[in-house]
Amino acid sequence: MEDFHKRIAGLVLRVFALAATLTAAIIMGTSKESANFYALSFEVNYNDTPAFKYFVIVNAVVSMYSFLALFVPSKSSFWRLIVALDLLVTLMLTSCISAALAIAQVGKNGNSITRWLPICNQVPDYCDRVTIALAAGFAAAILYLMVLAASAHAALDEDDCC
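Residue positions are counted from 1 within each chain, in the order its sequence is given. The model is predicted, so local features are restricted to residues of pLDDT at least 70 and side-chain atom pairs to those at 80 or more, both for listing and for counting; the totals for chains, interfaces and linings are taken over all residues. The side-chain figures draw on all heavy atoms in the structure; neither hydrogens nor water molecules are used.

## Describing the packing of helix H2 (residues 50–69) against helix H3 (residues 79–109)
Packed helices, taken two at a time, are described by their axes: the angle between them and the distance between them.
Move 1: Only the contacting stretch of a helix is used when fitting its axis, a line to C-alpha atoms as for every element, and angles between N-to-C directions run 0 to 180 degrees. Only DSSP runs of H or I covering at least 4 residues are called helices, and only runs of E covering at least 2 are called strands; the numbering of each starts at the N terminus. Across the interface, H2 lies against H3 with an axial gap of 9 Å and an inter-helix angle of 155°. Judged by the inter-axis angle, H2 sits roughly antiparallel to H3. In this structure, H2 crosses over H3, and the sense of that crossing is left-handed.
Move 2: Of the residues belonging to the contact of H2 with H3, the class tally is 20 nonpolar, 2 polar and 1 charged. Any angle from 65 to 115 degrees is called roughly perpendicular, while one under 35 is roughly parallel, one over 145 is roughly antiparallel, and all others are oblique. With the far helix as reference, a near helix turned anticlockwise by less than a right angle produces a left-handed crossing, and one turned clockwise produces a right-handed crossing. Any residue that is not Ala, Val, Leu, Ile, Met, Phe, Trp, Tyr, Cys, Pro, Asp, Glu, Lys or Arg is counted as polar, Gly included; the first ten are nonpolar and the last four charged.

## Focus on the nonpolar core
Move 1: Counting 40 residues, the largest nonpolar core has Met28, Phe52, Phe55, Leu93, Leu134 and Tyr144 as its most contacted members.
Move 2: Among the elements that line this core, the one with the most residues is helix H4 (residues 124–161), at 12 residues.
Move 3: By definition, residues are in contact when any of their heavy atoms lie within 4.5 Å. Those residues in contact with Tyr144, other than ones at most four positions away along the chain, are Arg14, Ala17, Val62, Tyr65, Ser66, Asp86, Val89, Thr90 and Leu93. Definition used in this section: a nonpolar core is a set of buried Ala, Val, Leu, Ile, Met, Phe, Trp, Tyr and Cys residues joined via side-chain atoms within 4.5 Å. Only protein chains enter the accessibility calculation, which uses a 1.4 Å probe; a residue is then buried when its area is under 20% of its type maximum, exposed when over 50%, and partly exposed in between.

## Looking at a nonpolar patch on the surface
Move 1: A patch is a set of surface residues, each over 30% in relative accessible area and not in a salt bridge, joined within 9 Å for like charges and within 5 Å for the nonpolar side chains Val, Leu, Ile, Met, Phe, Trp and Tyr. Each accessible area value is a Shrake-Rupley result obtained with a 1.4 Å probe; residue values ignore everything except the protein chains displayed when judging cover. Salt bridge, as used here: a side-chain nitrogen of Lys or Arg that lies within 4 Å of a carboxyl oxygen of Asp or Glu. A grouping of Phe4, Ile8, Val12, Val15 and Phe16 is seen on the molecular surface, where their side chains present a nonpolar patch of about 440 Å² in accessible area.
Move 2: Note on placement: Phe16 falls in helix H1 (residues 2–29).

## Description of the UniProt feature "transmembrane region" (unreviewed entry) in the protein
Move 1: UniProt positions are given in the numbering used here, feature names are shortened, and annotations may be inferred rather than shown by experiment. Those residues carrying the UniProt feature "transmembrane region" (unreviewed entry) are residues 12–31, 51–72, 84–107 and 132–156 in this numbering.
Move 2: Note that residues 51–72 is 86% helix and 0% strand, and that its end C-alpha atoms are spaced 32 Å apart.
Move 3: The span residues 132–156 shows a helical share of 100% and a strand share of 0%, and its end C-alpha atoms are spaced 36 Å apart.

## Regarding the state of the cysteines
By definition, a disulfide is the covalent link that joins the sulfur atoms of two cysteine residues.
Move 1: To count as a disulfide, a pair of cysteine sulfur atoms needs to be within 2.5 Å. Evaluated as defined, the whole model comprises 1 disulfide.
Move 2: The disulfide partner of Cys120 is Cys127, and the gap between their sulfur atoms is 2.0 Å. Looking along the S-S bond of the Cys120-Cys127 disulfide, the torsion reads about -90°, which is the left-handed sense. For the pair formed by Cys120 and Cys127, the shared burial category is buried.
Move 3: We note that Cys96 lacks a disulfide partner, and the nearest cysteine sulfur, in Cys127, lies 18 Å from it.
Move 4: The class of Cys96 is buried, set by a relative accessible area of 0%.

## Here we look at the side chain of Ser63
Move 1: On the secondary structure map, Ser63 appears in helix H2.
Move 2: Overall, Ser63 belongs to the buried group, its relative accessible area being 4%.
Move 3: Once residues within four sequence positions are removed from consideration, Ser63 is found in contact with Leu18, Thr21 and Leu22.

Written out as C-alpha cells, the structure reads:
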C-alpha cells in the first residue's frame, strides 16, 4: 500500500510539473505588445530574445516529456532511464530560467553601463506576461527537483528489494 501512495505522489508531482511547464511555455510564447516611444512605433515579442526562445523551447520539450513519462510504470525497466532524464530535464529547466531571468532583469531595469534603457515602462503588459511565465518556469524547476527526488527514491527502493 505504501508503494501505491508513493506512485500516486510521484504522478501528482509530474502532473503539476507538466502544468507549470506548459503554462510557462504558453504564456511566454504568446507574450507580445506594441508600443510607441516618442515618434517610434515598435512591437516586442518573445521571439526578439534568444533567451526567451530557449525558455519556450525547453518548457515545451519538458512538457512533452512530462506527459510521456506519466505512462511509464515505476516497475518498468525504463525507470532508470526516466531518473536520468528527470535529472537532465531539471538541469535544462534551471538553465533556461536562469537565461530568461537575466534578460528579463535587463528589460526591467536596463543597464546603465551599456546605456540600455529599461523597456517595461513602455510595454508593461508584455513585462507582466513575461514575469508570470518566469514564475511558472521557476515553479516548474522546483517541482521537477521534487520529481527527481521522488523518482530517484523509487529507483533506489527498487534496488533494495531485489
